[in-house]
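Descriptive analysis of the structure
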Amino acid sequence: MNIAEAIRPTKHALDRFRQRVLPLLPKDTRAEYRKYSQMEHLIKRVQLYTEDFHPAYDGLLKANVFLNFDEIPPIPLTFVINPVNNVIVTLYTQSGWNITSNEGEITWRWSA
């Protein structure tokens, strides 16, 4: 079992996934993963390694990760994790990346 499988997302984190990540996916993939259980499955697919973690505020941890799909470029995400309760409190796309979309094709460029 990888670390991501042991950490479950909160409803708030799933709502943020729906708001921030689903729009970056192709339409057919969005339709396939619109339920909470399916979004949770996607989040648990992310590979987390101990070197991904760094301290955040109030004893929380942040992990910079990539959500990988076959048909699109990896999506850079940051998970905010409560290590005591083993939950992802929230998530968002990593800062420093610019996203462009041209005729449905998504491109990420590092800008920081």
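Heads up: these notes are all about the structure in this document. The structure displayed is predicted, hence computed values, not measured ones. The numbering scheme is per chain: residues are counted from 1 as the chain's sequence reads. Whole-chain, interface and lining totals are the exception, using all residues; otherwise, since this is a predicted model, local features are given only for residues with pLDDT of at least 70 and side-chain atom pairs are given and counted only at 80 or more. The side-chain values count all of the structure's non-hydrogen atoms but skip hydrogen atoms and water molecules.

**With respect to the pattern of salt bridges**
We define a salt bridge as a contact between a side-chain nitrogen of Lys or Arg and a carboxyl oxygen of Asp or Glu at a distance within 4 Å. The final tally for this structure, using the stated rule, is two salt bridges. Between Asp15 and Lys11 there is a salt bridge; the shortest N-O distance is 3.2 Å. Linking Asp15 with Lys11, this pair stays in helix α2 (residues 11-20), spanning four residues, or about one helical turn. Of the charged contacts in the structure, one is a salt bridge between Lys44 and Glu40, with a shortest N-O distance of 3.5 Å. Of this pair, Lys44 and Glu40 both sit in helix α4 (residues 36-45), four residues apart, roughly one helical turn. Per the convention used, a helix needs a DSSP run of H or I reaching at least four residues, while a strand needs a run of E reaching at least two, with both numbered from the N terminus.

**Some remarks on the sheet that holds strand β5 (residues 87-93)**
Read across the open sheet, the five strands follow the order β1-β5-β4-β3-β2; overall the sheet is mixed. Strands at the two margins of the open sheet, each flanked by one partner only, are β1 (8-9) and β2 (53-55). Strands pair, by our definition, only if DSSP identifies at least two bridges between them. Sheet topology note: the β1/β5 ladder contains two bridges and is parallel. Bridged to Arg8 within β5 is Val87. Strand contacts of α2: β1, β3 (61-67) and β5, with the helix running at about 15° to β5, the strand carrying the most contacts. Residues are treated as being in contact if the distance between any of their heavy atoms lies within 4.5 Å. An axis is simply a line fitted to the C-alpha atoms; with a helix, the fit covers only the stretch in contact. Between two such axes, the angle follows the N-to-C directions and lies from 0 to 180 degrees.

**With respect to the side chain of Thr90**
Residue placement: Thr90 occurs in strand β5. According to the relative accessible area criterion, Thr90 is buried, its value standing at 14%. Any N or O atom pair separated by 3.5 Å or less is treated as a polar contact, with the protein-specific requirement of one donor-capable and one acceptor-capable atom, and with residues adjacent in sequence counted only for side-chain atom pairs. There is a polar contact of 3.3 Å between the side chain of Thr90 and the side chain of His12. Among all residues touching Thr90, those that are not within four sequence positions of it are His12, Ala13, Arg16, Arg20, Thr78, Phe79 and Val80. Whether a residue is buried, partly exposed or exposed follows from its accessible area with a 1.4 Å probe, protein chains only, as a fraction of its type maximum: under 20%, in between, or over 50%, in that order.

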